[in-house]
Amino acid sequence: MMRRTRAGVVAALALALALAACSAKQPEAVTVTASPDTSVSKVAPPAPVIPAKPIVWPLTGVRTDAVAHRPALAIKVENAREARPQTGLEFADVVWEQTVEGGITRFVAVYQSQIPAAVEPVRSVRPMDAGIVAPLGGILAFSGGQAGFVSDVKAAGVQVVSMDAGNAGFRRDRARRAPHNVIGTPQTFLDQAHADRKSPPPAQFAFADPGKSTAETTGTPAAHLTVTFSRVQQTVWDWDGGTGTYLRSDGTVPSVSSAGTRLKARNVVLLKVRLQNTGTVDPAGNPVPETVMVDSGEGVVAAAGKSVPVHWSKASTAAPLVLTTADGKPVELEPGNTWVELVPNTTGSWAIS
C-alpha cells in the first residue's frame, strides 16, 4: 500500500511538471532588418592641399608680400679712383663688374626690388652691356658712348635712356669734376619706360631656400676671394659671418658708398671670360675691349662662406646666364644680392682661401 502511494506521488509530480512545461509561453520570433549606414559619407575625398608658392623678388629670390610692378633698371656706373665713393650701389639687386679700357673696371648696376634716390657717377655704355641687360627686358641708363655701342644695345631690344640723347633724369654734381660727376635719378628713368617695359623682369638666376644654396651645401670654405682684373684693378671679398655676406674692397681699401655703407654681396659669382678688341679707342687713345658674353667657360660661385666650381654658358644675347655644377646640375644661389665678376682670362685671375 505504501509503495503504491509513493509511486502515485511520483507520477503526479511528473505529470505536473510536464503540464507546466507545455503551458509556458514561447518567445515570439524576432525579425532583424538591416538599415543603411547613414554615418558613412559617399562624397569623394578632398584634394590634397598644396602650399602656395612663396612670392619672391625676381632678381634676388628674397621673399616679399608683393613684387612691385616695374621693370629692371640697369645703370652704368664708373669705378675709376676718381669715381669713388659711388652713390646707390648698395641698393642694387645685381652688379656686374667688367673690364674697360686701361684695365679699370666699370659696373652695370641693376635695380628692381629697391630704387635709390640717386646713382652716381653714371658713365658711358660698352658693347658687352647688350648681353648683360637684354635678358632683363628693361631699361639701360648711361651718360654717353660711341654710336656703334649704342646701336648694339638698341638692336638687342633694350630701351635706352641716355644723357647725350637729352633724356630726363641726369644732372651734374658741382662737388666733383667732369666726367666723374653725372648723377642719375632712377625714378625719373623708370618714369620714361615704354608701354612694353612696365612688368617685372624674369629671374636671371636660380635661388635656393635660405641656407640651402649649392655653395653652402656642397662647397668648401672660402673666407677670402682675391680677384685680379688687371694690373690696376684688384677686387677683394672677405666673408663676414655676422652679416652673412662678403664685404668688398678695392685692393686694400674697403669699398663704401657715399652714405658710408660698406658694399657687400650675398653671392659672388666669378666668371672667366674672353676679351676681344673692338677696334676703337677712348679719348686717351686706349683700345676699348669687349667682353664676349655669348660664350661659355669656367667659374666659381661663393656664398655662405663657401665656394663651388661652376660652368657658365650664355646661348645668345637675349638669353640669361646659365650656371651649372661639374655634374650638370643647376646652381642655386643664396637669396639676396649678387655681384658678378667678369674676369679676363688673359690679364685676370682669382685666388680663394
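These numbers come from a predicted model, not from an experiment.

Criteria and cut-off values
- Residues numbered from 1 in each chain as written.
- Predicted model: local features only at pLDDT ≥ 70, side-chain atom pairs only at ≥ 80, totals over all residues.
- Heavy atoms only, no water.
- Helix = DSSP H or I, 4+ residues; strand = E, 2+ residues; numbered from the N terminus.
- Contact = heavy atoms within 4.5 Å.
- Core = buried A, V, L, I, M, F, W, Y, C linked by side-chain atoms within 4.5 Å.
- Buried < 20%, exposed > 50% of the residue type's maximum accessible area, 1.4 Å probe, protein only.
- Phe/Tyr/Trp six-rings, centres within 6.5 Å; stacked < 30°, edge-to-face > 60°.
- pLDDT = per-residue confidence, 0-100.
- Salt bridge = Lys/Arg side-chain N within 4 Å of Asp/Glu carboxyl O.
- Arc of directions from axis to C-beta.
- Pairing = 2+ DSSP bridges.
- Lys, Arg positive; Asp, Glu negative; His and termini not counted.
- Polar contact = N/O pair within 3.5 Å; in protein donor to acceptor, adjacent residues only side chain to side chain.

J.: How would you sum up the overall build of the chain? Please name residues and give values.
T.: Looking only at helices and strands, the chain features 5 helices and 23 strands. At a minimum sequence separation of 6, the contacts of the chain that also span at least 24 residues come to 63%.

J.: Break down the nonpolar core for me, with residues and values.
T.: Counting residues in each nonpolar core, the largest one holds 41 residues, and the members touching the most others are Trp-96, Val-110, Leu-271 and Leu-323. In contact with Leu-323, not counting residues within four places along its chain, are Phe-205, Val-269, Leu-271, Val-301, Val-310, His-311, Trp-312, Lys-329, Pro-330 and Val-331. Membership of the second largest hydrophobic core comes to 33 residues, among which are Phe-170, Leu-190, Ala-222 and Val-343.

J.: How would you explain the packing of aromatic side chains if you had to name every residue and give the values?
T.: Going through the model one piece at a time under the given rule, you end up with 4 aromatic pairs. With 4.8 Å between their ring centres and 40 degrees between their planes, Phe-170 and Phe-189 make a pair best called tilted. With a gap of 19 residues between them, Phe-170 in strand E6 (residues 170-172) and Phe-189 in helix H4 (residues 186-191) connect regions that are remote in the sequence. Exposure remark for Phe-170: the relative accessible area of 16% places this residue in the buried category.

J.: Before we move on, could you go through the confidence of the model for the chain and cite the residues and values that matter?
T.: Detailed reading of the predicted coordinates is not advisable wherever pLDDT is low. Per-residue confidence for the chain gives a mean pLDDT of 90, with 88% of residues at or over 70. Note on residues 1-35: pLDDT under 50 across the span, and 0 contacts to partners over four residues away in sequence or across chains.

J.: If you had to explain the pattern of salt bridges to someone new, which residues and values would you point to?
T.: Counted by the stated rule, this structure contains 10 salt bridges. Here Arg-123 ties to Glu-78 by a salt bridge, and the two come within 2.9 Å at their closest N and O atoms. Here Glu-78 lies in strand E1 (residues 73-78) and Arg-123 lies in the loop between strand E3 (105-111) and helix H2 (129-133), a separation of 45 residues in the sequence. Here Asp-250 ties to Arg-248 by a salt bridge, and the two come within 2.8 Å at their closest N and O atoms. The class of Asp-250 is buried, set by a relative accessible area of 11%. By sharing partners, the salt bridges in this structure join Arg-84, Glu-97, Arg-248, Asp-250 and Glu-341 into a single network.

J.: Quick one: what's the story with helix H3 (residues 147-155), residue by residue and with numbers?
T.: Inspection of H3 places Phe-149, Val-150 and Val-153 among the buried residues, and these make up the whole buried set. In an axial view of H3, the angular spread of the buried residues amounts to 100 degrees, which keeps them on one side of the axis. Along H3, exposed side chains directed more than 90 degrees from the buried face belong to Ala-147, Lys-154 and Ala-155. The inward-facing, buried residues of H3 abut H2, strand E4 (139-142), strand E5 (159-162), strand E16 (275-281) and strand E17 (287-291). Two residues or fewer after H3 comes Gly-157, characterised by a positive phi angle close to 85 degrees.

J.: How would you sum up the pairing of strand E19 (residues 306-313)? Please name residues and give values.
T.: Bridge count for strand E9 (residues 220-221) against E19 is 2 bridges, and the pairing is antiparallel. Across the sheet, Pro-221 pairs through a bridge with Lys-306, a residue of E19. Relative to E19, strand E18 (residues 296-303) runs antiparallel, the two sharing 8 bridges. Paired with Glu-298 across the strands is His-311, a residue of E19. Between E18 and E19, which follow one another and run antiparallel, lie 2 residues, and Ala-304 among them has a positive phi close to 55 degrees. Relative to strand E20 (residues 322-324), E19 is paired through 3 bridges, and the arrangement is antiparallel. Looking at the pairing, His-311 lines up with Thr-324 of E20.

J.: Describe the pairing of strand E2 (residues 94-99), with residues and values.
T.: Within E2, 6 of the 6 residues are buried, which leaves it mostly tucked inside the rest of the structure. On E2, burial covers both faces: Val-94, Trp-96 and Gln-98 on one face and Val-95, Glu-97 and Thr-99 on the other are all buried. By the bridge criterion, 6 bridges tie E2 to E3 in an arrangement that is antiparallel. Among the inter-strand pairings, Val-94 is bridged to a residue of E3, identified as Val-110. Between E2 and E3, which pair antiparallel and follow one another directly, the connecting turn spans 5 residues, one of which, Gly-102, has a positive phi of 80 degrees. Taken together, the 4 bridges between E2 and strand E22 (residues 338-344) define a ladder with parallel strand orientation. By the bridge assignment, Val-94 is partnered in E22 with Thr-338.

J.: Hey, could you go over the side chain of Lys-314 for me, with residue numbers and the actual values?
T.: As for its placement among the helices and strands, Lys-314 is situated in the loop between E19 and E20. Buried charge without a partner: Lys-314 forms no salt bridge, and the closest opposite charge is Glu-290, 11 Å away. Engagement of the side chain of Lys-314 in a polar contact is seen with the backbone oxygen of Ala-319, the distance being 2.3 Å. Apart from residues no more than four positions distant in its own chain, Lys-314 is found in contact with Gly-131, Pro-135, Met-293, Val-294, Asp-295, Ala-319 and Pro-320.

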